[in-house]
Each structure stands twice: as structure tokens, then as C-alpha cells.
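Coordinates in review
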Amino acid sequence: MNSKSSRSSLPTDVTLGTRLFSWAKLVRLPNGFTVVADVSAAFLLVLGASGWLRSGDDTAGSIWPSMALVVASGVALYWGGMVLNDVFDIRADRRARSERPLPRREIRLADARLVGWTLLVIGIILASLIGLVPGVIAILLSVCIVAYDGPFKRTRIASVLMGGCRVLSFLLGSTAAHSVIPAEQWQGRVSVLGEPVWMHITPVTFAFAIGMGLYITGVTTFARREAIGDRSMHLPLGWFGMTLGGVVLALAPRFAGVLSNADVPVNWTKGWQIDPAVIFPATIALMIVPTLARGWTAWQSPSPKRIQLTIKSAIMAIIPLMAAITMLGAGAIPSLCVFALMIPSMWLARRFRVT
């Protein structure tokens, strides 16, 4: 056996459990639950706003299967992006992150490349089965993922691309719900989210998506030099990005009247499951302030450990934030279901890196 084939081969005595553990590390398994949370929250937000959850009239039997499809699509796209991230970074990881599965040759590079691209295709197909608009969003999300993983990873727009991925992930869930809810369900309730402005995207769902995008852009910016932990502009820029994202999320229900052509002004305070003016912003603040406090400490006294703990806290905060959005649109029980994703995510975060 020559040296090249030796490097590409896996030990023959590796067990199935060991192989699965290596793949779990490659896709950063704990983080996947944050994607389940934001796609589900977007879908449930639209369900609640349409009044479908109160009527329960799923005559076509398509609502919940479509939710399962769009969640699976979001996860496939995320996992594909995680795998391709390490594929594109293989040379750098061999020098600086030799503990990752690909440098350790726990997974063949060719296998990872095939699985990564296949997952992106699967994600697009699953979204397209729901409707044209979710399929288009999935394609745009795949393009954004590849752009971040590949040519733009080391550029200044990398953080913006990562934020864009979360914008599109949220819109994937919301447009999927719009695609399967009968048009008559929206009668008298469309004003809650505002009038659709493009491809089933309403001002409120777009505001939530932008809020998540700003938040993740801030997290990614904050993490740019996590391994070094020195004082740089990435820390204050990232901290303000996370803060701005939280503010936009808290104020998102107020955007219902933006771009509205209705003769009567939209009453954005009516139609939600909780008060959108005070209680909802307070809930968002409760979920995000601990992370911002940790980030402030890391900014003032930077170190790799403080920065990495802030990033981990910021990623784990995504699920509670999505639970709050679910509570706003769909009520307590769906919100608790989304919040329950914290249990497997936190348990797995003890065994796998999330950054």
C-alpha cells in the first residue's frame, strides 16, 4: 500500500459507534437543535398568526408533514454546511486544529465531500416538495452556505454571510407555512404579520429573520479571533451586533404596518398570544441579557476562554429566543416544545464542541 492510500484509509477495527461519533463531531451535533428551533419557530409563528392553531382545520392533512419536511430540510442544509466547512478548511485544520475528524483521518475527505454536497441537495429537494417559494429559499440558503464555507471565509463579509444563512433559515420555515396554509385561513388575520411583500414574506417575519441575522452576524464577528483571545475591534463590533439583533427581535411585531396598503392602520398589538408591546420584548431581553453580560466581560478582559464561553452561551440562547417567538404566535404548549430542545442540545454540548 502506498503512502497516499495509507493516508486516505480508515482503520479496519473502527466500530460503527466510533464512526457515528466522528460524524457527530463533524456536523457539530448540539448546534443542529438551534436550526430545528428557528425553522420550527418561524413555521409555528405563521400558523398562530393565521389562526390555524385555534381552528385546527387541517382538511388537507398537509400542515404537520410539511413542518417535518421543512425542519428536515433546514437540518440537512445546516449539516451539509458544517461538513463542507471542514472540507474547505482541511489544510488549515491540519495545521491548527488537528483534533478535528478530517485531519485525524477519522472520516475520509472524499466521503465528507460527497456527504456535504449530498446533504445540500437533499435540503433543497425537501423544501421544494413543500412549495416553490421554500425551494427557492433553500437554493439561496445553499448558495450562502457555500459562499461562506468557500471563497469568502477569510474575507470581511464572512460574518454577514453567516448572518444571511440564519435570515434564510428563518424564512425557510415561515414561507413553508405560508405555502401550505389555505388562503381562507388568512382572512381577517393577515394584518398580524403585515401584508406579504415578496414571496410570502411579510414585514414581521422579515423583521424576525433580520433580527436573527444581525444576532448571528454579531456572534460570528465576536468569534473571529477566539483562538487568540486578544483585544480587537471584532469584540465590540460583535457585541453591538448581538445587541442590535436582540433589539430588532424585540420590536419585530411593530413592523406589521410597514409597507401596508390597507386603508385602515394595522393594529399590531392584537392577534398575538402574549402582549407584544411589553411582555414579549421583556422576554427577549431575559433570554439575551446573560449572553451580552458575558460578552461585555470578555470584551473588557479578553481571553480565549472568555470569548469561547460567550460564543457557546450565544449559540445556546438561540433556542430560548425561538421559544419566545413561538410563544408570541402559537402560545405556551408549542413554545415549551421548542424550549425542550435545550435538553438534548445542552447535554450534547458537554461532549461536542459548538464553536
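Residues numbered from 1 in each chain as written. Predicted model: local features only at pLDDT ≥ 70, side-chain atom pairs only at ≥ 80, totals over all residues. Heavy atoms only, no water.

Going by the annotation in an unreviewed UniProt entry, the name recorded for the protein chain is Polyprenyltransferase, with Rhodopirellula bahusiensis given as the source organism. Regarding the protein chain, the relevant UniProt record gives this comment under Subcellular location (unreviewed entry): "Membrane". (UniProt positions renumbered as here; feature names shortened; annotations may be inferred.)

**Re the overall build of the protein chain**
Scanning the protein chain for helices and strands turns up 16 helices and zero strands. Split into buried and exposed, the 355 residues of the protein chain put 53% on the buried side. About 16,200 Å² of surface is accessible on the protein chain, with carbon and sulfur atoms providing 65% of the total. (Helix = DSSP H or I, 4+ residues; strand = E, 2+ residues; numbered from the N terminus. Buried < 20%, exposed > 50% of the residue type's maximum accessible area, 1.4 Å probe, protein only. Areas by Shrake-Rupley, 256 points an atom, 1.4 Å probe, with all protein chains shown as cover.)

**Focus: the pattern of salt bridges**
Summed over the entire model, instances satisfying the criterion amount to eight salt bridges. With its nearest N and O atoms 3.6 Å apart, the salt bridge here joins D86 to R28. One end of the pair, D86, is in helix α5 (residues 63-88); the other, R28, is in the loop between α2 (16-26) and α3 (29-50), with 58 residues separating them in the sequence. Per residue, the accessibility class of D86 equals that of R28, and both read buried. With its nearest N and O atoms 3.5 Å apart, the salt bridge here joins D111 to R108. Owing to a relative accessible area of 30%, D111 belongs among the partly exposed residues under this scheme. What you see here is one network of salt bridges that share partners, running through K25, R104 and E106. (Salt bridge = Lys/Arg side-chain N within 4 Å of Asp/Glu carboxyl O.)

**Regarding the nonpolar core**
F43, F208, Y215 and M322 are the most contacted members of the largest nonpolar core, which has 97 residues in total. Ranked by residues supplied to this core, first place goes to α3 with 13 residues. Aside from chain neighbours lying at most four places away, what touches Y215 is G241, M242, G245, I288, T291, A314, A317, I318 and L321. Membership of the second largest hydrophobic core comes to eight residues, among which are V27, V83, V87 and L102. (Core = buried A, V, L, I, M, F, W, Y, C linked by side-chain atoms within 4.5 Å. Contact = heavy atoms within 4.5 Å.)

**As for the UniProt feature "transmembrane region" (unreviewed entry) in the protein chain**
Using the residue numbers shown here, the UniProt feature "transmembrane region" (unreviewed entry) corresponds to residues 29-51, 63-88, 132-148, 160-181, 201-223, 235-256, 276-293 and 314-343. A distance of 34 Å separates the end C-alpha atoms of residues 29-51, which is 96% helix and 0% strand. Spanning residues 63-88, this segment combines 100% helix with 0% strand, and its end C-alpha atoms are found 37 Å apart.

**Description of the confidence of the model for the protein chain**
The predicted coordinates ought not to be read in detail in places where the model reports low pLDDT. The pLDDT averaged across the protein chain works out to 86; a share of 87% of its residues lies at or above 70. For residues 1-10, every residue scores under 50 in pLDDT, and the model assigns this stretch ten contacts once sequence neighbours within four places are set aside. (pLDDT = per-residue confidence, 0-100.)

**Focus: the packing of aromatic side chains**
A full pass over the atoms with the stated rule returns seven aromatic pairs. Ring geometry for F208 and F280: centres 5.9 Å apart, planes at 90°, overall edge-to-face. Here F208, found in helix α10 (residues 203-222), pairs with F280, found in helix α12 (residues 279-300); they are 72 residues apart in sequence, far enough to count as distant. A relative accessible area of 0% means that F208 is categorised as buried. Residue classification places F280 among the buried positions, given a relative accessible area of 0%. Arranged with centres 5.2 Å apart and planes meeting at 85°, the rings of W239 and F240 form a pair that is edge-to-face. Take W239: its relative accessible area is 14%, and that puts it in the buried class. An aromatic cluster of at least three residues, connected via ring pairs, comprises W239, F240, W296 and W299. (Phe/Tyr/Trp six-rings, centres within 6.5 Å; stacked < 30°, edge-to-face > 60°.)

**Topic: the packing of α10 against helix α13 (residues 304-316)**
Two packed helices can be described by the angle between their axes and the distance between those axes. Where α10 contacts α13, the axes come no closer than 10 Å and their chain directions differ by 160°. One element, α10, and the other, α13, form an angle in the roughly antiparallel class. The two elements α10 and α13 meet at a crossing, and its hand is left-handed. Residue-level contacts link Y215, V219 and F222 of α10 to I307, T310, I311 and A314 of α13. Here the residues of the contact of α10 with α13 are counted per class, giving six nonpolar, one polar and no charged. (Axes fitted to C-alpha atoms, helices over the stretch in contact; angles between N-to-C directions. Parallel < 35°, antiparallel > 145°, perpendicular 65-115°, else oblique. Left-handed = near helix turned anticlockwise from the far one by under 90°. Nonpolar A, V, L, I, M, F, W, Y, C, P; charged D, E, K, R; others polar.)

**Remarks on a nonpolar patch on the surface**
A contiguous nonpolar patch, built from L244, V247, L251, F255 and V258 and spanning about 380 Å² of accessible area, is present on the exposed surface. The topology assignment puts L244 in helix α11 (residues 234-251). (Patch = residues over 30% accessible without salt bridge, like charges linked within 9 Å, V, L, I, M, F, W, Y side chains within 5 Å.)

**What about unusual backbone geometry?**
Backbone geometry places R28, a non-glycine residue, at a positive phi of 50°. Under the relative-accessibility criterion, R28 is labelled buried at 5%. Even without glycine at this site, R105 takes up a positive phi of about 60°. Along the chain, the position of R105 falls in the loop between α6 (90-96) and α7 (109-130).

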